[in-house]
Structures are given as structure tokens and as C-alpha cells.
Amino acid sequence: MTKLPMRRLAERAAEEDLLDVAYTTTDSPFGRLLLAATPKGLVRVGLPNQDADELLVDLATRVSPRVLEAPAQLDDARRELDLYFDGKLDRFDLPLDWRLSDGFQLRVQKAIRRIPYGQTRNYTEMATKAGNDRAVRAAGTACGRNPIPVVVPCHRVLRSGGGLGGYGGGLPMKRGLLELEGVLDK
Amino acid sequence: MPPFQLLIDEHGNEVMAVLRGAVGRDGADDCFQDTFLSALRAYPKLRDAGNLRGWLLTIAHRKAIDHHRARGRAPLPVAEVTETAVEDPDPDDGVWALVGTLPPKQRAAVTLRYASDLPHAEIAAALGCSPEAARRSLHEGLKRLRKELR
């Protein structure tokens, strides 16, 4: 198999503003994650149970078809996620691109981002923070549609009664993340 | 449009093989990047995703021609092939080195036909000539190769 000069191609594409979506995959204790970024910041995190090919097609449709595998563009995100999964980082400091969300969902997701490490909120609190305390169900939907899970920690949002609620990556992963952060006992 | 990376995954190796045939190993990496950068630039406005392979090979062909023009049509340094072992030996190297010495149209016709397996009509489209002229270039190129290889 010929070695293609992919790294240099991605660098030149970035220099010429042609790299609209850079992506890579990275390993986590829960399986492989897909990371995708625009020049503005991290735009999508795909969880292990989600089909990476489908996510890329979705990005090509909703952001730009100029989608390239470009691991170097995601070095910072990968490094922070590695530290987080090692329990050595409690706050992500990554630029984010929110373009896949808008309106009430975006307000909920931005509020989720501010929930501190190791703490939890419930869906009612998130609805209130987003400016509509009666839109509890919509707040739940907004959590479920979080395009940047883990970094935007929707796993910290639980049911009001204390139940785990749902998680796009499956409940074992939600439980695992809460154990990692010391919210739940292992 | 599918994610651009899919085009590279599906056709990257073939584009590289064609470029190696057309410009040799040394120039192929640059031509490969130039090819996919041009494609990436035009991609969002592309109307027809029907023949992405032919489209890429056409761009690759143009980049190979640009490459030769930039070098003033200098002959490829094939005379310097040594008998010592080289990295990554390729059994076809000898033939492709000879292909590299053909005049541009013949060289392009031969690489598009045999490295990319394109039919005459697509070679003609890539070269911007009639299918008949493409067939002639291919024929002349093969004749010359046979003579050289004898």
C-alpha cells in the first residue's frame, strides 16, 4: 500500500482555508470517540455506540462537504480528553463551535457546559437556567441532542428524582463518567 | 456530497499510481497534494457526484502537465537508476520510468488507460481531445514502449 502524503495535504488545506471540518478518532475507556472541529472549534464528539460514517455524512451535509481526516488539527482536544479520562483534568479549555444547535437547545447546552466537574443538575434546573422552567421535557431533548458530549457534560444532568435519565452513549457510559468524577461509587 | 475524505479513501491510491506514472516518484507527492487541494476547493460547487473518479483523474492529469511545464519539459532523471537496492522496490518501476519518457499526451493516455483503467471516452475527456485522438495517442505510446522494451 502506498503511503499518501495526507498530513501535508491537511496542513495545506488548513493554510488555504479549505479545511472546513477536520476529524480524527481517539480511544477512551468507553471505546472509540470521533472528534470533529471547524476552524472555530470543536463541533462534534461522536460516542462509541454512534456510527462514525453517519456522523461524517451529517457533518458534510450540515457544515460543509470539505471534511478531511486531520489528526493534528485535533491534538489539543485529544490531549484534554486523555487527561480527563485519566482523572487529571476537571475542566475543558477548548474552543467550541456551537453551530449544530440553536434556540432553546443551545441555551440549555451552554448552561450544561457550566455545570462543574463532579456535580449534577436535574432537567428542571436546566430548563430554568435556559429561561423556561416549564420546558422540562424540551430540556431533556436538548441534553439528548448535545453535539459535543463529554466536553459539554450532559452526563451531569439527571432526573429530578435522582434517576440517571438517558444518555446518547448508553447508560453504562453515563454511569462510568459519573463514577470517574466521583459522583457515583464504583 | 459525501465527506471529501471518502474520495481520498476510495481513489487516493489510484490517483497516486497515475501520478507516479506521469511524473515519477519525486514529483508525485506534490502533484497528489495539488490535485486534492484543487478538488477540495471546487468540491462544494460540484453539481454532479456521478463520476468523482474520472473528475479526480482529470485534475491529476492537469497537475501532471503543470508539473512538466514548470520543469520546462525536462526529461525525467530516469538515467540515474542504479543497480543497488532501493527502498520500497516496485516491480513496475522500469516500465513506468519508460512511460515517463513518452511525450506528454502519449504518457497521459498510457497512464490513464493502464494505471487507471479508463475507457477511451474518459481518456479523451481527461485530455480534452476526441476519442479517436486519444486512441491514437495510446497506440503511439504503446508502440514506442514496445520498441524500447525490446
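Every chain begins its residue count from 1, and numbering advances along the sequence as written. Each chain takes a letter, starting from A, and each ligand takes a number, starting from 1, following the order in which they are written. Local features in a predicted model are, by the rule used here, given only for residues with pLDDT of at least 70; side-chain atom pairs are given and counted only at 80 or more, and totals for whole chains, interfaces and linings are based on all residues.

### Brief notes about the overall build of chain B
Put simply, DSSP marks the helices as runs of H or I at least four residues long and the strands as runs of E at least two long, and each gets a number from the N terminus on. Helix and strand counts for chain B stand at six helices and zero strands. Listing the helices and strands of chain B from first to last along the sequence gives α-α-α-α-α-α. For chain B, the proportion of its 150 residues judged to be buried stands at 42%. A residue pair is marked as a contact if its C-beta atoms, positioned from the backbone, fall within 7 Å. Restricting to contacts in chain B with at least 6 residues of sequence separation, those with at least 24 account for 67%. Exposure classes come from backbone-placed C-beta atoms, where a residue is buried if 20 or more other C-beta atoms lie within 10 Å of its own, exposed if 12 or fewer do, and partly exposed in between.

### Let's talk about the packing of helix α4 (residues 103-113) of chain A against helix α6 (residues 136-144) of chain A
All names here are of chain A. Packing of α4 against α6 brings their axes to within 9 Å, and their N-to-C directions diverge by 70°. The pairing of α4 with α6 is recorded here as roughly perpendicular in orientation. In this structure, α4 contributes Phe104, Gln105, Val108, Gln109 and Ile112 to the contact, and α6 contributes Ala138, Ala139, Ala142 and Cys143. A breakdown of the residues in the contact of α4 with α6 according to their chemical character gives seven nonpolar, two polar and no charged. Inter-axis angles, ranging from 0 to 180 degrees, are taken between N-to-C directions of lines fitted to C-alpha atoms, where helices are fitted over the stretch in contact. When an angle is under 35 degrees it counts as roughly parallel; over 145 it counts as roughly antiparallel; between 65 and 115 it counts as roughly perpendicular; any other value is oblique. Residue classes follow a fixed rule: Ala, Val, Leu, Ile, Met, Phe, Trp, Tyr, Cys and Pro count as nonpolar, while Asp, Glu, Lys and Arg count as charged, and any other residue, Gly among them, counts as polar.

### What about unusual backbone geometry?
Residues and elements named next belong to chain A. Phi angles above zero are rare outside glycine, and Asp17 is one such case at about 55°. Phi is positive for Val150, close to 75°, though the residue is something other than glycine. Relative to the elements of secondary structure, Val150 occurs in the loop between α6 and β6 (157-158).

### Examining the interface of chain B and chain A
Residue-level contacts link 17 residues of chain B with 19 residues of chain A. Residue composition of the side of chain B that touches chain A, grouped by class: eleven nonpolar, four polar and two charged.

### Let's talk about the sheet that holds strand β4 (residues 67-69) of chain A
Residues and elements named next belong to chain A. The sheet built from four strands is open, its strands ordered β3-β2-β1-β4 with mixed pairing. Strands at the two margins of the open sheet, each flanked by one partner only, are β3 (41-46) and β4. Recorded for the sheet is a direction-independent mean angle of 30° between the axes of neighbouring strands. By this definition, two strands are paired if DSSP reports at least two bridges between them. As paired strands, strand β2 (residues 31-38) and β3 are joined by five bridges and run antiparallel to one another. By the bridge assignment for β3, Leu35 is matched with Val45.

### Quick word on the pairing of β2 of chain A
In terms of burial, β2 of chain A is a largely internal element, six of the eight residues being buried. The loop that links β2 of chain A with its antiparallel partner β3 of chain A comprises two residues.

### Here's the deal with the domain arrangement of chain A
Residue and element names in this part refer to chain A. For each domain, the first and last residues come from an automatic or database assignment. Its domain assignment divides chain A into domain 1 (7-85) and domain 2 (103-180). If you average the C-alpha positions of domain 1 and of domain 2, the two centres end up 23 Å apart. The partner domain 2 presents ten residues to the ten residues of domain 1 that form the contact. By residue number, the principal contributor to the side of domain 1 that touches domain 2 is β3, which donates four residues. Across the side of domain 1 that touches domain 2, the residue classes tally to eight nonpolar, one polar and one charged.

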